[in-house]
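Understanding the architecture of this molecule
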Amino acid sequence: MSGRLDGLRVERFFDDGTYPNSALPLLFYEEALPRAQADAEAMEALFAANGWPPAWRASVFTYHHYHSTAHETLGVVRGSARLLLGGPEGREFDVEPGDVIVIPSGVAHRRLDSSGDFLVVGCYPPGQSWDLLRGEAGDRPAADHNIERVPLPRTDPVGGADGPLAKHWRVGTR
């Protein structure tokens, strides 16, 4: 099962001194699932069919944070939000049902604003467990070491084994 791949945006966020971000690009799939069909069950089915087991249903934290031990995928299933990706100097993204964001390990993200019904399905590649770092003094260099050790996923959570993640993450440098 593949989602829609033609709405892909590829964005890069580099180390700002506080947030490591990543040489791997963030992948933003606008309307990976049709908005009218983007419920939690459909998003979970898309991720599971492409080898990324669904892990949770919730919102996105309102503070800058990142994960040094896992790549993360967010699939919007209800409501809308404005997210800030890449840390305080990053870029804002408006998200709606059907949108999917694949966030490389180390890339800071937070929710700036959202509708009251905003809901996301989150997942990680098999075998990866997330930690939660806020860019505090003392997070690094251990976080940098962890990020370097996070394995690349075998599949794209939207496009499967032949999805864009393989091209954009394996060809580039870390």
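Coordinates for the structure precede this section.
Heads up: these notes are all about the structure in this document. (Residues numbered from 1 in each chain as written. Predicted model: local features only at pLDDT ≥ 70, side-chain atom pairs only at ≥ 80, totals over all residues. Heavy atoms only, no water.)

Attention now goes to the overall build of the chain. Scanning the chain for helices and strands turns up three helices and nine strands. The helix and strand sequence of the chain, counted from the amino end, reads β-β-α-β-β-β-β-β-β-β-α-α. In summary, the chain has a C-alpha radius of gyration of 15 Å against a globular reference of 16 Å for 174 residues, a match within 12%. For the chain, the spread of C-alpha atoms along the three principal axes comes to 45 × 35 × 25 Å. In the chain, which comprises 174 residues, the share counted as buried stands at 51%. (Helix = DSSP H or I, 4+ residues; strand = E, 2+ residues; numbered from the N terminus. Rg over C-alpha atoms; globule rule 2.2 N^0.38 Å. Buried < 20%, exposed > 50% of the residue type's maximum accessible area, 1.4 Å probe, protein only.)

Attention now moves to the side chain of Asp-131. By secondary structure assignment, the location of Asp-131 is in the loop between strand 9 (119–123) and helix 2 (142–149). Residues within four places of Asp-131 in sequence aside, it is in contact with Tyr-66, His-67, Ser-68, Thr-69 and Asn-146. (Contact = heavy atoms within 4.5 Å.)

As a further point, take the packing of aromatic side chains. On inspection of all chains with the given rule, the structure shows three aromatic pairs. Taking 6.1 Å as the distance between ring centres and 85° as the angle between the ring planes, the aromatic pair formed by Tyr-19 and Tyr-66 counts as edge-to-face. One end of the pair, Tyr-19, is in the loop between strand 1 (8–13) and strand 2 (22–29); the other, Tyr-66, is in the loop between strand 3 (54–58) and strand 4 (72–78), and 47 residues separate them in sequence. Residue Tyr-66 is classed as buried on the basis of its relative accessible area, which comes to 0%. Arg-9 extends its terminal NZ or CZ atom over the ring of Phe-28, reaching a point 5.5 Å from the ring centre. Stacked on the ring of Tyr-63, the Lys or Arg Arg-134 has its end atom at 3.7 Å from the ring centre. (Phe/Tyr/Trp six-rings, centres within 6.5 Å; stacked < 30°, edge-to-face > 60°. Lys NZ or Arg CZ within 6 Å of the ring centre and 35° of its normal.)

Time to look at the pattern of salt bridges. Two side chains of opposite charge can pair, provided their charged atoms sit close to one another. Summed over all chains, the structure comprises eleven salt bridges. The partner of Arg-9 in a salt bridge is Glu-11, with the nearest N and O atoms 3.1 Å apart. (Salt bridge = Lys/Arg side-chain N within 4 Å of Asp/Glu carboxyl O.)

Time to look at the sheet that holds strand 8 (residues 109–114). Judged by pairing direction, the sheet is antiparallel, and its three strands sit side by side in the order 6-5-8 without closing on themselves. Two strands close off the open sheet at either side, each with one partner strand: strand 6 (91–95) and strand 8. Here the average twist between neighbouring strands, direction ignored, is 25°. Summarising the sheet, strand 5 (residues 81–85) and strand 6 pair through five bridges and their orientation is antiparallel. The residue of strand 6 that forms the bridge with Arg-82 is Asp-94. (Pairing = 2+ DSSP bridges. Axes fitted to C-alpha atoms, helices over the stretch in contact; angles between N-to-C directions.)

Across the sheet, six strands lie side by side as 1-2-7-4-9-3; this open sheet has antiparallel pairing. Only two strands of the sheet have a single partner each, and these edge strands are strand 1 and strand 3. The average undirected angle you get between the axes of adjacent strands in this sheet is 20°. Bridging between strand 4 and strand 9 involves five bridges; their strand directions are antiparallel. In the sheet register, Val-76 faces strand 9, and the bridge partner there is Val-120. The strands touched by helix 1 (residues 40–49) are strand 3, strand 4, strand 7 (100–103) and strand 9; relative to strand 4, the strand with the most contacts, the crossing angle is about 155°.

A cluster of nonpolar residues, Phe-61, Trp-130 and Leu-132, forms a patch on the protein surface that exposes about 280 Å² of accessible area. Looking at the element boundaries, Leu-132 is found in the loop between strand 9 and helix 2. Overall, the relative accessible area of 33% leaves Leu-132 in the partly exposed class. (Patch = residues over 30% accessible without salt bridge, like charges linked within 9 Å, V, L, I, M, F, W, Y side chains within 5 Å. Areas by Shrake-Rupley, 256 points an atom, 1.4 Å probe, with all protein chains shown as cover.)

We now examine helix 1. Within the sequence span of helix 1, burial applies to Ala-40, Met-43, Glu-44, Leu-46 and Phe-47. Down the axis of helix 1, the buried side of the element spans an arc of 160°, and every buried residue falls inside it. Of the surrounding elements, those touching the buried residues of helix 1 are strand 3, strand 4, strand 7 and strand 9. Residue Gly-51 follows helix 1 closely and has a positive phi angle near 85°. (Arc of directions from axis to C-beta.)

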